[in-house]
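So the chains spell out like this:
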Amino acid sequence: QVRLVESGGTLVRPGGFLRLSCAASGSIYRTEAMAWYRQAPGKQRELVAKVTYDGRTTYADSVKGRFAISRDNAKNTVHLEMNSLKPEDTAVYYCNVWAKAAMLSPYRDYWGQGTQVTVSS
């Protein structure tokens, strides 16, 4: 079983900076895509940023130029650096990994428990 633990969420002022981290542990054979999603109150969960095993990245239009996703394949960790934060970035941020637990296991989605990011003055 793969377990994801997020950290870094907190209250920050508009224009501020935050760095979220997610560590995957447990039975992990290989992780493919690692991503961050977010869900604001009353809204659907949305993709924020994704990075593939070979480093290709995808960003939501709303965060392009402000957020940067990175991963460490050796440590099975993924980070999200968030700059110029806006009140509309307020949400619960979830780590997501597309991984397989063993060589013959199928790939599947794994989710963290979420970390709250609040941008407010």
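Residues numbered from 1 in each chain as written. Predicted model: local features only at pLDDT ≥ 70, side-chain atom pairs only at ≥ 80, totals over all residues. Heavy atoms only, no water.

Colleague: Account for the packing of aromatic side chains, naming residues and giving values.
Modeller: Evaluated as defined, the whole model comprises 2 aromatic pairs. Seen from their ring centres, Trp98 and Tyr107 are 6.2 Å apart, and the 15° between their planes marks the pair as stacked. On the accessibility criterion, Trp98 (36% relative accessible area) is partly exposed. With relative accessibility at 27%, the residue Tyr107 sits in the partly exposed group. Lying across the ring of Tyr94, Arg45 places its NZ or CZ 3.7 Å from the centre. (Phe/Tyr/Trp six-rings, centres within 6.5 Å; stacked < 30°, edge-to-face > 60°. Buried < 20%, exposed > 50% of the residue type's maximum accessible area, 1.4 Å probe, protein only. Lys NZ or Arg CZ within 6 Å of the ring centre and 35° of its normal.)

Colleague: If you had to explain the sheet that holds strand 8 (residues 77-82) to someone new, which residues and values would you point to?
Modeller: Strand-to-strand pairing in sheets goes through backbone hydrogen bonds, with the strands running parallel or antiparallel. Judged by pairing direction, the sheet is antiparallel, and its 4 strands sit side by side in the order 1-3-8-7 without closing on themselves. Of all the strands in the sheet, just strand 1 (2-7) and strand 7 (67-72) have a single pairing partner and so form its edges. In this sheet, adjacent strand axes meet at a mean angle of 15° when their direction is disregarded. As defined by bridge partners, strand 3 (residues 18-26) adjoins strand 8 across 6 bridges and the pair is classed as antiparallel. Each residue of the ladder has a partner; that of Ser21, found in strand 8, is His79. (Pairing = 2+ DSSP bridges. Helix = DSSP H or I, 4+ residues; strand = E, 2+ residues; numbered from the N terminus. Axes fitted to C-alpha atoms, helices over the stretch in contact; angles between N-to-C directions.)

Colleague: Provide a residue-level description of the state of the cysteines, including the pertinent values.
Modeller: Under the defined criterion, the tally for this structure stands at 1 disulfide. Residue Cys22 pairs covalently with Cys95 via a disulfide, S to S 2.1 Å. Of note, the bridge from Cys22 to Cys95 carries an S-S torsion of about -80° and is left-handed in sense. You can see Cys22 sitting in strand 3 and its partner Cys95 sitting in strand 9 (residues 91-100), a full 73 residues away along the chain. The exposure class assigned to Cys22 is buried, which follows from its relative accessible area of 1%. Its relative accessible area of 0% is what places Cys95 among the buried residues. (Disulfide = S-S within 2.5 Å.)

Colleague: Please set out the pattern of salt bridges residue by residue, giving values where relevant.
Modeller: According to the stated counting rule, one finds 7 salt bridges in the structure shown. Here Glu32 and Arg30 are joined by a salt bridge, their closest N and O atoms 2.4 Å apart. Close ionic contact of Asp61 with Lys64 constitutes a salt bridge, the shortest N to O distance being 3.1 Å. Among the charged side chains, a salt-bridge network with shared partners connects Arg38, Glu46, Arg66 and Asp89. (Salt bridge = Lys/Arg side-chain N within 4 Å of Asp/Glu carboxyl O.)

Colleague: Which residues make up the environment of Val48, and what values go with them?
Modeller: Turning to its location among the elements, Val48 is positioned in strand 5 (residues 46-51). You can call Val48 buried: its relative accessible area is 0%. Along the sequence, Val48 and Arg66 sit 18 residues apart, while their C-alpha atoms lie 11 Å from each other. Apart from the residues lying within four places of it in its own chain, the contact partners of Val48 are Trp36, Tyr37, Arg38, Thr58, Tyr59, Ala60, Val63, Phe67, Leu80 and Tyr93. (Contact = heavy atoms within 4.5 Å.)

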